[in-house]
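Examination of the molecular architecture
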Amino acid sequence: MTEGGFRHEVRKFLAESLTPEIKRAGELMTSVFADFDATMKWHRILHAKGWIAPDWPEEYGGTGWTLNQRYIFQEECKLANAPAFPAMGLQMLGPMLMHHGTDEQKDYYLPRILSGEDMWCQGYSEPGAGSDLASLITSAVRDGDDYLINGSKIWTSYAQHSNMIFCLVRTSKEGRPQAGISFILVDMATEGLKVEPIVGLDGTVEQCQVFFDNVRVPVGQIVGEENDGWTVAKTLLTFERSAAYAARLGTRLTQLKQLIDDIDPDQSEAMHRRFGEISVRVQAIEM
């Protein structure tokens with residue numbers, strides 16, 4: 001299929017599948033946050049179509065599209081005001097598990113990420129550490145076939161909607177700080193785990209604090225080797241940092257241009273000049 005034919009197919013599907021409720025959720029997105037219920041309805045539609053994970057390899061449920069087709073899909077979704085999905089499962093944890101997960105972890109979790117049965121949040125930042133992950137103190141102490149986790153995570157996006165959380169925890173205090181960190185998967189229904197929403201100035205909840213009080217997690221939930229979570233986390237962050245935002249930038253730029261064009265030309269010369277500078281930068285990102 002030509003790229004033009006593919007774009008037509010995507011547009012036709014979007015026109016037939018996006019309900020007013022789902023499109024409204026896309027229109028009202030702030031940063032990466034959209035209405036959760038509407039977004040999950042869109043997730044289920046795309047999963048049924050087989051288009052939920054364009055960036056995944058076909059063997060794990062991906063589409064087999066070319067890089068250009070994936071970009072076209074992202075661009076058309078944004079133009080049609082489809083909401084974006086939370087990145088933690090589809091864009092970050094899933095691809096990381098393909099690299100570092102055991103066969104059992106991949107067989108169990110990847111289909112549940114695709115279907116939306118599992119919603120994931122990320123337990124990295126802590127009240128006393130922030131983005132300095134090497135300073136984290138949330139501990140996981142071995143107790144037979146389990147770990148007992150104690151501590152807290154903060155600024156945890158979508159925790160109030162999630163049933164699973166992937167965490168960086170300290171399993172050793174020996175050597176360099178980075179050397180004693182492990183990457184673990186935790187069911188949020190486990191006894192001792194508590195989610196406390198953080199209410200923003202606008203009254204909405206986009207992030208939470210998560211508390212762990214002797215949360216018992218099986219050893220098999222560690223991803224990679226014990227004390228080698230730093231390596232696993234770096235792999236995951238490469239997927240987070242390489243997420244394709246260019247299509248979103250381009251469509252937002254188009255909307256901004258329409259707003260500027262409605263302003264009296266005598267009053268908008270500086271804005272047009274600045275818009276031109278930003279347009280060049282966005283085109284460079286796209287390339």
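Attention here is on the structure that accompanies the text.

About the thresholds
- All residue numbers refer to position in the chain's written sequence, counted from 1.
- In keeping with the model being predicted, local features are shown solely for residues with a pLDDT of at least 70 and side-chain atom pairs are shown and tallied solely at 80 or more, while totals for entire chains, interfaces and linings include all residues.
- For side-chain calculations, the full set of non-hydrogen atoms in the structure is used, while hydrogens and water are omitted.
- Helix numbers and strand numbers start at the N terminus; a helix is a DSSP run of H or I with at least 4 residues, a strand a run of E with at least 2.
- Our radius of gyration looks at C-alpha atoms and nothing else; its globule reference is 2.2 Å times the residue count to the power 0.38.
- Categorising residues by exposure relies on relative accessible area from a 1.4 Å probe, with only protein chains included: less than 20% of the type maximum marks a residue as buried, more than 50% marks it as exposed, and the intermediate range marks it as partly exposed.
- In short, DSSP must find at least two bridges between two strands for them to pair.
- Here, two residues are considered to be in contact whenever any of their heavy atoms come within 4.5 Å of each other.
- Put simply, buried Ala, Val, Leu, Ile, Met, Phe, Trp, Tyr and Cys residues joined by side-chain atoms within 4.5 Å make one nonpolar core.
- Each salt bridge in this description consists of a side-chain nitrogen of Lys or Arg and a carboxyl oxygen of Asp or Glu lying within 4 Å of one another.
- Given the number of residues in a helix, its expected span is that number minus one, multiplied by 1.5 Å.
- Bend is computed residue by residue as the angle between axes fitted to the seven residues ending at the residue and the seven residues starting at it.
- Here, axes are lines fitted to C-alpha atoms. For helices the fit covers the stretch in contact, and angles between N-to-C directions go from 0 to 180 degrees.
- The scheme is simple: roughly parallel for angles under 35 degrees, roughly antiparallel for over 145, roughly perpendicular for 65 to 115, oblique for anything else.
- Crossings are sorted by hand: turned counterclockwise from the far helix by less than a right angle, the near helix makes the crossing left-handed, and turned clockwise it makes it right-handed.
- Residues were grouped as follows: Ala, Val, Leu, Ile, Met, Phe, Trp, Tyr, Cys and Pro as nonpolar; Asp, Glu, Lys and Arg as charged; and all remaining residues, including Gly, as polar.

**Comments concerning the overall build of the protein**
When its secondary structure is counted, the protein shows nine helices and eight strands. The C-alpha radius of gyration of the protein comes to 21 Å, within 12% of the 19 Å expected for a compact globule of 287 residues. Referenced to the eigenvectors of the C-alpha coordinate spread, the extents of the protein come out at roughly 70 × 45 × 35 Å. Counting the 287 residues in the protein, one finds 45% classified as buried.

**A few points about the pairing of strand E7 (residues 205–218)**
Strand direction decides the pairing type here: strand E3 (residues 146–157) and E7, joined by nine bridges, are antiparallel. Paired with Tyr-147 across the bridge in E7 is Val-217. Summarising the sheet, strand E6 (residues 193–199) and E7 pair through seven bridges and their orientation is antiparallel. Looking at the pairing, Lys-194 lines up with Phe-211 of E7.

**Notes on the environment of His-272**
As for its position among the elements, His-272 is in helix H9 (residues 269–286). For His-272, a relative accessible area of 32% translates into the label partly exposed. Distance from His-272 to Asp-261, taken between C-alpha atoms, is 8.6 Å for residues eleven residues apart in sequence. The residues contacting His-272, other than those within four sequence positions of it, are Ile-260 and Asp-261.

**Here we look at the nonpolar core**
Grouped together as the largest cluster of nonpolar side chains are 49 residues, with contacts concentrated most on Trp-42, Leu-93, Trp-120, Phe-166 and Phe-183. Elements with a minimum of two residues in this core: helix H1 (3–17), helix H3 (36–49), helix H4 (67–79), helix H5 (87–100), helix H6 (103–115), strand E4 (164–170), strand E5 (181–187) and helix H7 (229–241). Leaving out residues up to four positions away in the same chain, Phe-166 has contacts with Met-88, Met-92, Leu-93, Trp-120, Cys-121, Gln-122, Gly-123, Tyr-124, Phe-183, Ile-184, Leu-185 and Leu-236. Among the nonpolar cores identified, the runner-up in size contains 18 residues, and Ala-140, Ile-149, Ala-159 and Met-188 belong to it.

**A closer look at the side chain of Asn-81**
Structurally, the position occupied by Asn-81 is in the loop between H4 and H5. For Asn-81, the contacting residues outside a window of four places in its chain are Ile-22, Lys-23, Gly-26, Glu-27 and Gln-255.

**Concerning the environment of Leu-97**
For Leu-97, the location among the structural elements is in helix H5. Sequence-wise, Leu-97 and Gly-224 are 127 residues apart; in three dimensions their C-alpha atoms are separated by 9.2 Å. Once residues within four sequence positions are removed from consideration, Leu-97 is found in contact with Gln-105, Lys-106, Tyr-109, Leu-110 and Val-223.

**Section: the pattern of salt bridges**
According to the stated counting rule, one finds 15 salt bridges in the structure shown. Here Arg-24 makes a salt bridge to Glu-27, at a shortest N to O gap of 3.1 Å. Within this pair, Arg-24 and its partner Glu-27 are both found in helix H2 (residues 20–27), separated by three residues, close to a single helical turn. Linked through salt bridges whose partners overlap, the residues forming this network are Arg-7, Arg-11, Glu-75 and Glu-76.

**Regarding unusual backbone geometry**
Here Asn-81, not a glycine, exhibits a phi torsion of approximately 65°, which is positive. Here Tyr-158, not a glycine, exhibits a phi torsion of approximately 65°, which is positive. With respect to the element layout, Tyr-158 can be found in the loop between E3 and E4.

**Structural notes on H5**
With 14 residues, H5 ought to run about 20 Å at 1.5 Å a step, and its terminal C-alpha atoms sit 18 Å apart, in line with that. Along its length, H5 reaches its greatest deviation from straightness, about 35°, at Leu-93, and the proline Pro-95 lies no more than four positions downstream. Burial analysis of H5 places eleven of its 14 residues in the buried class, which makes it a mostly covered element. Along H5, the residues that are buried comprise Ala-87, Met-88, Gly-89, Leu-90, Met-92, Leu-93, Gly-94, Pro-95, Met-96, Leu-97 and Met-98.

**A look at the packing of H5 against H6**
One way to put it is that H5 packs onto H6 with a least axis distance of 10 Å and a crossing angle of 165°. In terms of their interaxial angle, H5 and H6 are classed as roughly antiparallel. For the pair H5 and H6, the crossing hand works out as left-handed. Facing Gly-89, Leu-90, Leu-93, Gly-94, Leu-97 and Met-98 of H5, the residues of H6 in contact are Gln-105, Lys-106, Tyr-109, Leu-110, Ile-113 and Leu-114. Residue classes in the contact of H5 with H6 are distributed as eight nonpolar, three polar and one charged.

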